[in-house]
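As a plain string of letters, each chain reads:
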Amino acid sequence: MSLKRKQGPLYQQIQKILKDRILHGVYPLGSIIPSEPQLEKEFGVSKMTVRGAVQELAQEGYVQKKSGVGTIVMRNTAHQKLSKGKRFTELLVEAGHKLEKKLLVTSLVTNDPRTEEYSRYGPYCQRIERLYILDGQPYIHLVHFLAAAALPGGGAAEMDADFQSLYDSLEENDIVLESFRDRFFVEPAPPEVCLLLNLPPGTHVLKRLRNSYDAEGRLIEHSIGCYNTELHHYLVSYDT
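Residues numbered from 1 in each chain as written. Predicted model: local features only at pLDDT ≥ 70, side-chain atom pairs only at ≥ 80, totals over all residues. Heavy atoms only, no water.

(A) Molecular detail of the overall build of the protein chain. Of regular secondary structure, the protein chain possesses seven helices and eight strands. For 240 residues, the compact-globule estimate of 2.2 N^0.38 gives 18 Å, and the C-alpha radius of gyration of the protein chain, at 19 Å, lies within 12% of that figure. Each of the three principal axes of the protein chain carries a C-alpha extent, and together these read 60 × 40 × 40 Å. The proportion of buried residues among the 240 residues of the protein chain is 45%. Put simply, 57% of the contacts in the protein chain that link residues at least 6 apart link residues at least 24 apart. Carbon and sulfur atoms make up 51% of the accessible area of the protein chain, which amounts to about 12,900 Å² in all. Each charge class in the protein chain was averaged separately, 29 positive and 30 negative side chains, and the resulting centres sit 4 Å apart. (Helix = DSSP H or I, 4+ residues; strand = E, 2+ residues; numbered from the N terminus. Rg over C-alpha atoms; globule rule 2.2 N^0.38 Å. Buried < 20%, exposed > 50% of the residue type's maximum accessible area, 1.4 Å probe, protein only. Contact = heavy atoms within 4.5 Å. Areas by Shrake-Rupley, 256 points an atom, 1.4 Å probe, with all protein chains shown as cover. Lys, Arg positive; Asp, Glu negative; His and termini not counted. Charge placed at Lys NZ, Arg CZ, Asp CG, Glu CD.)

So this is what it looks like as structure tokens:
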């Protein structure tokens, strides 16, 4: 896997990739992650770089080194700033599922001042389309619209869409989401979504619309998700 030096220190990039794999069930709880020599070969970096990445994971409590055994996954949930509830994807991983996220397309869109999109997102927005794959089967089709306030230079450039968690990526860019609003309903999926989810034409799916806001009440992200609940139902967990 190739790393990009412009995206920060190599050990931090590797640490983030390994953490994403843990959070999405590639390295399940209690499993042993690849050895340092294996990671050196995969990423094409030095032993010190890999060691720094693993040490960062250990400090965050995700892994623990055990002599004669290897580096074991000790935690597979992220720190939550948005709410006390666990993310849907975390619940799936905790249940033993493997979740992969595939980027389909990303583009920077210029909004006409006379349109609703302009009043909602500003002069620009970034459209990011992704497919979530659960245990090898297409599960969720998700489209994000990032408002100009979330983009570099207010929309002058695109946000790097090669991420696992959008909300973690936003926080890394000093954008903290303080609230979100979800709306759910059931309707037939569009033909192109049925094709991506391997569903017969006209199949009804669970649809979720989400608006995410920062501390100033600005809309940061609007997303449209279509869930194949025949494969797995939607879960919500709230802590008291």
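(B) Structural context of the environment of K101. Tracing the sequence through the fold places K101 in strand 3 (residues 99-110). K101 sits in the buried class, given a relative accessible area of 16%. A C-alpha to C-alpha distance of 10.0 Å links K101 and L142, two positions 41 residues apart in sequence.

(C) Highlighting the packing of helix 1 (residues 10-23) against helix 3 (residues 47-59). At a closest axis distance of 8 Å, the pairing of helix 1 and helix 3 adopts a crossing angle of 50°. Compared by their axis directions, helix 1 and helix 3 come out oblique. With respect to the hand of their crossing, helix 1 and helix 3 are arranged in right-handed fashion. When helix 1 is examined against helix 3, the residues L10, Y11, I14, Q15, L18 and K19 are found in contact with a partner set consisting of T49, G52, A53, E56 and L57. Here the contact of helix 1 with helix 3 is composed, by residue class, of six nonpolar, three polar and two charged. (Axes fitted to C-alpha atoms, helices over the stretch in contact; angles between N-to-C directions. Parallel < 35°, antiparallel > 145°, perpendicular 65-115°, else oblique. Left-handed = near helix turned anticlockwise from the far one by under 90°. Nonpolar A, V, L, I, M, F, W, Y, C, P; charged D, E, K, R; others polar.)

(D) Structural context of helix 2 (residues 36-43). Within helix 2 the residues assigned to the buried category are E36, L39, E40 and F43. On an axial view of helix 2, the arc spanned by its buried residues comes to 105°, and they lie on one face. Set apart from the buried face of helix 2 by more than 90 degrees, the exposed residues are P37 and K41. Where helix 2 is buried, its residues touch helix 1, helix 3 and strand 1 (63-66). (Arc of directions from axis to C-beta.)

(E) Spatial organisation of unusual backbone geometry. One non-glycine residue, D135, lies in the positive phi region at around 50°. The phi torsion at N198 lies on the positive side, around 60°, for a residue other than glycine. Mapped onto the elements, N198 comes out in the loop between helix 7 (191-196) and strand 7 (204-214). For N198, a relative accessible area of 60% corresponds to the exposed category.

(F) Up close: the sheet that holds strand 3. Spatially, the six strands line up as an open sheet ordered 3-4-5-8-7-6, and their pairing is antiparallel. Each edge of the open sheet is held by one strand with a lone partner, namely strand 3 and strand 6 (177-188). Between one strand axis and the next, the sheet turns through 15° on average, direction left out of account. (Pairing = 2+ DSSP bridges.)

(G) Spotlight on the pairing of strand 4 (residues 124-134). The buried fraction of strand 4 is high, at nine of 11 residues. Two elements, strand 3 and strand 4, share 11 bridges in a ladder whose sense is antiparallel. Residue K101 lies in a different strand from strand 4, and its bridge partner there is Y132. Across 10 bridges, strand 4 lies against strand 5 (residues 137-147) in antiparallel orientation.

(H) Representation of the packing of aromatic side chains within the structure. The tally for this structure, following the rule as stated, stands at seven aromatic pairs. A ring pair is formed by F88 and Y234, whose centres lie 4.5 Å apart and whose planes are at 25°; its orientation type is stacked. One end of the pair, F88, is in helix 4 (residues 88-94); the other, Y234, is in the segment after strand 8 (219-227), and 146 residues separate them in sequence. This pair shows no difference in class: F88 is buried, exactly as Y234 is. Of the aromatic side chains, those joined through ring pairs into one cluster are F88, Y139, F184, Y227 and Y234. One cation-aromatic arrangement involves R75 over Y62; the distance from NZ or CZ to the ring centre is 4.1 Å. The cationic tip of R210 hangs over the ring face of F180; the distance from NZ or CZ to the ring centre is 4.2 Å. (Phe/Tyr/Trp six-rings, centres within 6.5 Å; stacked < 30°, edge-to-face > 60°. Lys NZ or Arg CZ within 6 Å of the ring centre and 35° of its normal.)

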